[in-house]
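The primary structure of each chain is shown beneath.
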Amino acid sequence: MRLFDQIYPHDLDRRELQLTLLSCVTIIVLGAGIALLMYPVVFSHSNPPGNIVLRNAFYGFCGLSALLTMYVVDRQVTILSLRRQIAEDRKRAVETNIQASAELLNAIPNLGSFKDRLSMEYRRATATAQALTVLVVIVRLPEDISSTPFAVSLLSDAAKAISRKLRGEDSIYILRTNSFGTILPGVTLVVAERISERIAEGLSDAAGATNRFSYKIHIVSYPTNVSSAHELQEAVLTLLPADDSMHSMAEESL
(Lines give C-alpha, C1' and ligand atoms only; values in the text may rest on other atoms or scores of the structure.)
Protein backbone atom coordinates (compact mmCIF):
# COMPACT_ATOMS: atom_id res chain seq x y z
CA MET A 1 0.00 0.00 0.00
CA ARG A 2 1.46 3.36 -1.08
CA LEU A 3 1.44 6.01 1.66
CA PHE A 4 2.65 8.91 -0.52
CA ASP A 5 2.16 9.87 -4.13
CA GLN A 6 4.61 8.63 -6.76
CA ILE A 7 7.53 10.87 -7.75
CA TYR A 8 8.53 11.05 -11.41
CA PRO A 9 12.03 12.02 -12.68
CA HIS A 10 10.84 15.24 -14.34
CA ASP A 11 9.35 16.40 -11.00
CA LEU A 12 12.52 15.97 -8.93
CA ASP A 13 13.50 19.66 -8.93
CA ARG A 14 10.03 20.81 -7.96
CA ARG A 15 9.74 18.14 -5.27
CA GLU A 16 13.14 19.06 -3.84
CA LEU A 17 12.10 22.72 -3.62
CA GLN A 18 8.92 21.69 -1.87
CA LEU A 19 10.89 19.56 0.58
CA THR A 20 13.23 22.47 1.31
CA LEU A 21 10.33 24.84 1.96
CA LEU A 22 8.67 22.20 4.18
CA SER A 23 11.90 21.76 6.15
CA CYS A 24 12.29 25.51 6.68
CA VAL A 25 8.68 25.95 7.74
CA THR A 26 8.93 22.97 10.11
CA ILE A 27 12.09 24.34 11.73
CA ILE A 28 10.52 27.78 12.12
CA VAL A 29 7.27 26.42 13.57
CA LEU A 30 8.97 24.04 15.99
CA GLY A 31 11.54 26.65 17.00
CA ALA A 32 8.91 29.32 17.54
CA GLY A 33 6.71 26.90 19.47
CA ILE A 34 9.48 25.77 21.77
CA ALA A 35 10.63 29.37 22.24
CA LEU A 36 7.13 30.39 23.29
CA LEU A 37 7.02 27.53 25.77
CA MET A 38 10.44 28.45 27.15
CA TYR A 39 9.76 32.17 27.42
CA PRO A 40 7.48 32.11 30.54
CA VAL A 41 9.94 29.89 32.37
CA VAL A 42 13.02 31.93 31.48
CA PHE A 43 11.54 35.36 32.10
CA SER A 44 9.12 34.55 34.94
CA HIS A 45 9.25 36.56 38.16
CA SER A 46 10.05 33.43 40.12
CA ASN A 47 13.27 32.98 38.16
CA PRO A 48 16.13 34.95 39.76
CA PRO A 49 17.27 37.83 37.51
CA GLY A 50 20.88 36.86 38.03
CA ASN A 51 20.36 33.39 36.58
CA ILE A 52 21.61 34.07 33.07
CA VAL A 53 22.12 30.41 32.14
CA LEU A 54 18.52 29.86 31.14
CA ARG A 55 18.43 33.17 29.28
CA ASN A 56 21.60 32.31 27.37
CA ALA A 57 20.16 28.91 26.57
CA PHE A 58 16.97 30.58 25.31
CA TYR A 59 18.88 33.05 23.11
CA GLY A 60 21.14 30.26 21.87
CA PHE A 61 18.18 28.09 20.94
CA CYS A 62 16.54 30.93 19.01
CA GLY A 63 19.81 31.71 17.22
CA LEU A 64 20.44 28.04 16.42
CA SER A 65 16.97 27.68 14.93
CA ALA A 66 17.53 30.74 12.74
CA LEU A 67 20.98 29.50 11.65
CA LEU A 68 19.60 26.06 10.81
CA THR A 69 16.91 27.62 8.65
CA MET A 70 19.45 29.82 6.88
CA TYR A 71 21.73 26.81 6.34
CA VAL A 72 18.99 24.76 4.69
CA VAL A 73 18.10 27.67 2.41
CA ASP A 74 21.76 28.31 1.54
CA ARG A 75 22.37 24.62 0.72
CA GLN A 76 19.33 24.57 -1.55
CA VAL A 77 20.46 27.70 -3.38
CA THR A 78 23.95 26.20 -3.79
CA ILE A 79 22.56 22.94 -5.15
CA LEU A 80 20.35 24.76 -7.63
CA SER A 81 23.33 26.87 -8.75
CA LEU A 82 25.52 23.79 -9.22
CA ARG A 83 22.81 21.99 -11.14
CA ARG A 84 22.38 25.00 -13.41
CA GLN A 85 26.13 25.13 -13.98
CA ILE A 86 26.28 21.40 -14.75
CA ALA A 87 23.41 21.78 -17.23
CA GLU A 88 25.20 24.68 -18.94
CA ASP A 89 28.48 22.75 -19.10
CA ARG A 90 26.68 19.75 -20.54
CA LYS A 91 24.98 21.96 -23.12
CA ARG A 92 28.31 23.50 -24.13
CA ALA A 93 29.87 20.03 -24.41
CA VAL A 94 27.04 18.89 -26.69
CA GLU A 95 27.37 22.02 -28.83
CA THR A 96 31.14 21.53 -29.07
CA ASN A 97 30.67 17.90 -30.06
CA ILE A 98 28.13 18.85 -32.73
CA GLN A 99 30.44 21.55 -34.08
CA ALA A 100 33.36 19.10 -34.24
CA SER A 101 31.12 16.56 -35.97
CA ALA A 102 30.01 19.15 -38.52
CA GLU A 103 33.61 20.10 -39.23
CA LEU A 104 34.49 16.44 -39.76
CA LEU A 105 31.59 15.93 -42.18
CA ASN A 106 32.51 19.10 -44.10
CA ALA A 107 36.06 17.79 -44.43
CA ILE A 108 34.89 14.60 -46.17
CA PRO A 109 34.86 14.90 -50.01
CA ASN A 110 31.45 15.14 -51.66
CA LEU A 111 29.76 13.47 -54.63
CA GLY A 112 31.72 15.49 -57.20
CA SER A 113 35.03 14.30 -55.79
CA PHE A 114 33.65 10.77 -55.67
CA LYS A 115 32.84 10.80 -59.39
CA ASP A 116 36.29 12.12 -60.29
CA ARG A 117 38.05 9.52 -58.15
CA LEU A 118 35.81 6.76 -59.45
CA SER A 119 36.65 7.61 -63.08
CA MET A 120 40.38 7.65 -62.30
CA GLU A 121 40.26 4.35 -60.41
CA TYR A 122 38.22 2.75 -63.19
CA ARG A 123 40.82 3.70 -65.80
CA ARG A 124 43.53 2.30 -63.57
CA ALA A 125 41.57 -0.90 -62.99
CA THR A 126 40.99 -1.50 -66.71
CA ALA A 127 44.63 -0.78 -67.50
CA THR A 128 45.89 -3.25 -64.89
CA ALA A 129 43.04 -5.78 -65.27
CA GLN A 130 42.10 -5.45 -61.61
CA ALA A 131 38.76 -5.29 -59.86
CA LEU A 132 37.14 -2.14 -58.53
CA THR A 133 34.45 -2.13 -55.86
CA VAL A 134 32.28 0.57 -54.35
CA LEU A 135 30.47 0.28 -51.02
CA VAL A 136 27.42 2.47 -50.46
CA VAL A 137 26.45 2.86 -46.80
CA ILE A 138 23.04 4.38 -46.11
CA VAL A 139 22.51 5.47 -42.50
CA ARG A 140 18.92 5.73 -41.28
CA LEU A 141 18.25 8.06 -38.36
CA PRO A 142 15.15 8.08 -36.13
CA GLU A 143 12.50 10.47 -37.40
CA ASP A 144 12.55 12.54 -34.21
CA ILE A 145 16.32 13.10 -34.58
CA SER A 146 16.86 13.37 -38.33
CA SER A 147 15.90 17.07 -38.42
CA THR A 148 17.82 18.11 -35.29
CA PRO A 149 21.48 19.18 -34.89
CA PHE A 150 22.12 15.93 -33.00
CA ALA A 151 21.80 14.11 -36.33
CA VAL A 152 25.14 15.61 -37.38
CA SER A 153 26.83 13.94 -34.39
CA LEU A 154 25.31 10.55 -35.26
CA LEU A 155 26.39 10.82 -38.89
CA SER A 156 29.89 11.81 -37.80
CA ASP A 157 30.07 8.73 -35.57
CA ALA A 158 28.97 6.59 -38.50
CA ALA A 159 31.60 8.15 -40.78
CA LYS A 160 34.35 7.53 -38.20
CA ALA A 161 33.19 3.93 -37.76
CA ILE A 162 33.40 3.38 -41.53
CA SER A 163 36.83 5.02 -41.83
CA ARG A 164 38.32 2.84 -39.08
CA LYS A 165 37.47 -0.34 -41.01
CA LEU A 166 38.93 0.79 -44.35
CA ARG A 167 42.42 0.20 -45.68
CA GLY A 168 44.90 3.02 -46.02
CA GLU A 169 44.35 3.36 -49.76
CA ASP A 170 40.56 3.34 -49.53
CA SER A 171 38.51 6.56 -49.53
CA ILE A 172 35.23 7.66 -47.99
CA TYR A 173 32.88 10.24 -49.48
CA ILE A 174 29.56 11.86 -48.59
CA LEU A 175 27.25 11.09 -51.49
CA ARG A 176 23.82 12.24 -50.32
CA THR A 177 21.94 12.80 -47.08
CA ASN A 178 22.88 10.02 -44.66
CA SER A 179 24.75 8.23 -47.47
CA PHE A 180 28.47 7.45 -47.61
CA GLY A 181 30.46 5.87 -50.39
CA THR A 182 33.82 4.11 -50.26
CA ILE A 183 36.03 3.29 -53.24
CA LEU A 184 38.01 0.06 -52.87
CA PRO A 185 40.67 -0.26 -55.61
CA GLY A 186 41.75 -3.81 -56.48
CA VAL A 187 39.07 -5.39 -54.29
CA THR A 188 36.95 -8.21 -55.66
CA LEU A 189 33.37 -8.90 -54.67
CA VAL A 190 34.38 -11.66 -52.23
CA VAL A 191 36.90 -9.45 -50.43
CA ALA A 192 34.43 -6.54 -50.45
CA GLU A 193 31.90 -8.70 -48.63
CA ARG A 194 34.41 -9.31 -45.84
CA ILE A 195 35.17 -5.58 -45.65
CA SER A 196 31.43 -4.93 -45.56
CA GLU A 197 31.11 -7.25 -42.59
CA ARG A 198 33.84 -5.37 -40.73
CA ILE A 199 32.16 -2.04 -41.48
CA ALA A 200 28.85 -3.47 -40.27
CA GLU A 201 30.48 -4.46 -36.97
CA GLY A 202 31.92 -0.96 -36.57
CA LEU A 203 28.57 0.66 -37.32
CA SER A 204 26.82 -1.64 -34.86
CA ASP A 205 29.29 -0.60 -32.15
CA ALA A 206 28.79 3.09 -33.02
CA ALA A 207 25.00 2.69 -32.93
CA GLY A 208 25.23 1.22 -29.45
CA ALA A 209 22.83 -0.96 -27.57
CA THR A 210 20.10 1.67 -27.94
CA ASN A 211 20.32 1.52 -31.76
CA ARG A 212 20.88 5.25 -32.22
CA PHE A 213 20.75 4.66 -35.96
CA SER A 214 20.37 1.82 -38.45
CA TYR A 215 22.24 1.23 -41.69
CA LYS A 216 22.33 -0.73 -44.92
CA ILE A 217 25.41 -1.55 -46.99
CA HIS A 218 25.31 -2.07 -50.77
CA ILE A 219 28.15 -3.49 -52.87
CA VAL A 220 28.77 -2.68 -56.53
CA SER A 221 31.78 -4.39 -58.09
CA TYR A 222 33.51 -4.19 -61.47
CA PRO A 223 33.56 -6.42 -63.47
CA THR A 224 31.22 -8.71 -61.51
CA ASN A 225 28.17 -6.42 -61.43
CA VAL A 226 28.93 -3.84 -64.12
CA SER A 227 31.04 -3.70 -67.26
CA SER A 228 31.78 0.01 -67.73
CA ALA A 229 32.50 3.18 -65.78
CA HIS A 230 29.12 4.63 -66.73
CA GLU A 231 27.28 1.54 -65.47
CA LEU A 232 29.31 1.61 -62.25
CA GLN A 233 28.47 5.24 -61.59
CA GLU A 234 24.80 4.80 -62.46
CA ALA A 235 24.53 1.74 -60.25
CA VAL A 236 25.88 3.76 -57.30
CA LEU A 237 23.64 6.76 -57.97
CA THR A 238 20.58 4.52 -58.20
CA LEU A 239 21.16 3.38 -54.62
CA LEU A 240 21.21 6.92 -53.22
CA PRO A 241 18.20 8.71 -51.72
CA ALA A 242 16.81 11.72 -53.57
CA ASP A 243 17.36 14.25 -50.76
CA ASP A 244 20.68 16.12 -50.75
CA SER A 245 20.81 18.24 -47.61
CA MET A 246 23.75 16.71 -45.80
CA HIS A 247 26.26 19.51 -46.22
CA SER A 248 23.67 22.21 -45.64
CA MET A 249 22.73 20.61 -42.33
CA ALA A 250 26.38 20.37 -41.34
CA GLU A 251 27.04 23.97 -42.32
CA GLU A 252 24.07 25.18 -40.25
CA SER A 253 25.57 23.49 -37.20
CA LEU A 254 28.85 25.41 -37.51
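These numbers come from a predicted model, not from an experiment.

*Asks:* A description of helix 3 (residues 111-128) should follow, citing residues and the corresponding values.
*Replies:* Helix length check: helix 3 (18 residues) gives 25 Å between terminal C-alpha atoms against 26 Å at 1.5 Å per residue, within 8%. For helix 3, the complete set of buried residues consists of L111, F114, R117, L118, E121, Y122 and A125. The buried residues of helix 3 occupy an angular sector of 145° when projected down its axis, which confines them to one face. Exposed positions of helix 3 whose direction lies more than 90 degrees from the buried face are D116, R123 and A127. In this structure, the buried residues of helix 3 make contact with strand 1 (132-140), strand 2 (171-176), strand 3 (179-185), strand 4 (214-222) and helix 7 (229-239). Capping the start of helix 3, N110 holds a side-chain oxygen 3.3 Å from the backbone nitrogen of G112, two or three residues further along. Looking at the residues trailing helix 3, positive phi occurs at A129, about 55°.

*Asks:* Give a detailed account of unusual backbone geometry, specifying residues and quantitative values.
*Replies:* Of the consecutive residues Y222 and P223, the connecting peptide bond is found in the cis state with omega at 10°. Relative to the assigned elements, P223 resides in the loop between strand 4 and helix 7. Non-glycine residue A129 carries a positive phi angle of around 55°.

*Asks:* So, the side chain of T133: which residues are in play, and what are the values?
*Replies:* Checked against the element boundaries, T133 lands in strand 1. On the basis of relative accessible area, T133 is assigned to the buried category, the value being 0%. At 2.5 Å, the side chain of T133 forms a polar contact with the backbone oxygen of V187. Those residues in contact with T133, other than ones at most four positions away along the chain, are T182, I183, L184, V187, T188, L189, A192, I219, V220 and S221.

*Asks:* Go over the side chain of S179, please, and point to the residues and values.
*Replies:* Looking at the element boundaries, S179 is found in strand 3. A relative accessible area of 0% places S179 in the buried class. Contacts of S179, omitting those with residues within four sequence positions, involve V137, I138, Y173, I174, L240 and P241.

*Asks:* Run through the packing of aromatic side chains, naming residues and quoting values.
*Replies:* In total, this model carries 2 aromatic pairs according to the counting rule given. For the ring pair Y122 and Y222, a centre distance of 4.9 Å and an interplane angle of 65° mean the geometry is edge-to-face. Here Y122, found in helix 3, pairs with Y222, found in strand 4; they are 100 residues apart in sequence, far enough to count as distant. An identical accessibility class is assigned to Y122 and Y222; each is buried.

Reading the values: rules and limits
- Residues numbered from 1 in each chain as written.
- Predicted model: local features only at pLDDT ≥ 70, side-chain atom pairs only at ≥ 80, totals over all residues.
- Heavy atoms only, no water.
- Helix = DSSP H or I, 4+ residues; strand = E, 2+ residues; numbered from the N terminus.
- Expected span 1.5 Å × (residues − 1).
- Buried < 20%, exposed > 50% of the residue type's maximum accessible area, 1.4 Å probe, protein only.
- Arc of directions from axis to C-beta.
- Contact = heavy atoms within 4.5 Å.
- Polar contact = N/O pair within 3.5 Å; in protein donor to acceptor, adjacent residues only side chain to side chain.
- Phe/Tyr/Trp six-rings, centres within 6.5 Å; stacked < 30°, edge-to-face > 60°.

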